[in-house]
Amino acid sequence: MKYILFFLIILTPINMYGQNKSDYGLKMFKNANCNSCHQWHGNGGGSYGGAAASIRDTGLDKEGLKKIVECGRPGTNMPYFSKKAYKDDRCYGLKLIDFEGEDENRPLPARKMLNDRQIKALINFIMDDLKGKPVSKDYCLKYFGKPTRVCEEL
Ligand code: HEC
């Protein structure tokens, strides 16, 4: 009994922390409006932002994901979300001034910037809930926070 209690006490906060971490990442996904281009399910597709790639099918690893969220993808509609992008040397050592005269390659700033901690949470959410996974009913319920017609159809 003592041991069971011990494990409960040790494991409960770890589990809760894991949960919160991913939920905070989902919150960032919504706050930063990733869903406006990549859709609620992350599979992207046609939208006003052009054809956004699928985050579920991405071949990028954790570092690559971090880089594209921080720096965007210059020359496409994928904006950069780090406040420090193209100011310090995190984005390929480039600064905004390096794109002068190359309007078609200029990286686009996101409407809402994220700090390093928020980007980290967002990447954890992508790794845990999106990358390499099919859209599930569980994910749908988590995303919408309540049963909706969309989730029923999954
Ligand atoms: C204005 C529309 C728009 C918004 C907002 C946006 N994206 Fe994108 N994203 C794109 C487009 C378009 C691409 C494809 C770029 C290309 O053609 O290579 C892309 C590509 C990506 C990729 C690369 C996938 C791959 O394997 O190449 C990732 C990861 C990604 N976006 C994550 C995010 C996240 C996370 C957010 C929110 C913080 C976000 N995007 C917000 C439009 C958007």
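Throughout, residues of each chain are indexed from 1 in the direction in which the sequence is written. Totals for whole chains, interfaces and linings use all residues, but because this is a predicted model, local features are given only for residues with pLDDT of at least 70 and pairs of side-chain atoms are given and counted only at 80 or more. Water and hydrogen atoms were dropped before computing side-chain values, which therefore reflect all heavy atoms in the structure.

K.L.:
Looking at this structure, how should I read the pattern of salt bridges?
P.N.:
Pairs may arise between side chains of opposite charge once their charged atoms sit close together. A pair is scored as a salt bridge if a Lys or Arg side-chain nitrogen falls within 4 Å of a carboxyl oxygen belonging to Asp or Glu. On inspection of all chains with the given rule, the structure shows eight salt bridges. For Asp116, the salt bridge is made with Arg90, and the minimal N-O distance between the two is 3.1 Å. In this pair, Asp116 sits in helix α4 (residues 116-130) while Arg90 sits in the loop between β1 (80-82) and β2 (109-114), placing the two residues 26 residues apart along the sequence. Its relative accessible area of 16% is what places Arg90 among the buried residues. For Asp129, the salt bridge identified is with Lys142, shortest N-O distance 2.6 Å. One end of the pair, Asp129, is in helix α4; the other, Lys142, is in helix α5 (residues 137-144), with 13 residues separating them in the sequence. Through salt bridges with shared partners, a single network forms among Glu70, Lys84, Asp88, Arg90 and Asp116. Only DSSP runs of H or I with at least four residues qualify as helices, and only runs of E with at least two residues qualify as strands; both kinds are numbered from the N terminus onward. The buried label goes to any residue with under 20% of its type's maximum accessible area, the exposed label to any with over 50%, and the partly exposed label to all in between, with areas taken from a 1.4 Å probe on protein chains only.

K.L.:
Explain the site of the ligand here, please?
P.N.:
Any residue with a non-hydrogen atom lying within 4 Å of a molecule or strand is treated as near it. In the region of the ligand, 24 residues are neighbours, and Cys34, Cys37, His38, Thr58 and Met78 sit closest. In this structure, Thr58 approaches the ligand through a side-chain N or O atom, which is 2.5 Å from an oxygen atom. Interatomic distance of 2.6 Å between a side-chain N/O atom of Arg73 and an oxygen atom of the ligand. Elements supplying a minimum of two residues to the shell around the ligand: α2 (34-38), α3 (62-71) and α4. It is α2 that provides the largest number of residues to the shell around the ligand, a total of four residues. Within the shell around the ligand, the residues separate by chemical class into 16 nonpolar, seven polar and one charged. In protein, a polar contact requires one atom able to donate a hydrogen and another able to accept it; more generally it is a pair of N or O atoms within 3.5 Å, and residues adjacent in sequence count only if both atoms are side-chain atoms. Nonpolar residues are Ala, Val, Leu, Ile, Met, Phe, Trp, Tyr, Cys and Pro. Charged residues are Asp, Glu, Lys and Arg, and all others, Gly as well, are polar.

K.L.:
Just checking my understanding: could you explain the packing of aromatic side chains for this structure?
P.N.:
Between two aromatic rings, the relevant description is the distance of the centres plus the angle of the planes. Ring pairs shown here join Phe, Tyr and Trp side chains whose ring centres sit within 6.5 Å, with only the six-membered ring taken for Trp; geometry is labelled stacked below 30 degrees between planes, edge-to-face above 60, and tilted in between. Inspection of every chain in the model, using the stated rule, returns nine aromatic pairs. Ring centres of Phe125 and Tyr139 lie 6.4 Å apart, and the angle between their planes is 25°; on these two criteria the pair is classed as stacked. Highlighted residues: Phe125 in helix α4 and Tyr139 in helix α5, separated in sequence by 14 residues. What makes Tyr139 buried here is its relative accessible area of 5%. Centroid distance Tyr143 to Phe144: 4.9 Å. Interplanar angle 75°. Geometry classified as edge-to-face. Taking relative accessible area as the criterion, Tyr143 reaches 6% and is therefore assigned buried. An aromatic cluster of at least three residues, connected via ring pairs, comprises Phe29, Trp40, Phe125, Tyr139, Tyr143 and Phe144. Taking NZ or CZ as reference, Lys30 lies 4.5 Å from the ring centre of Tyr143, over its face. In this arrangement the basic side chain of Lys67 is found over the ring face of Tyr92, its NZ or CZ atom lying 5.6 Å from the centre. Both a distance and an angle decide whether a charge sits over a ring: NZ of Lys or CZ of Arg must be within 6 Å of the ring centre and within 35 degrees of the ring normal.

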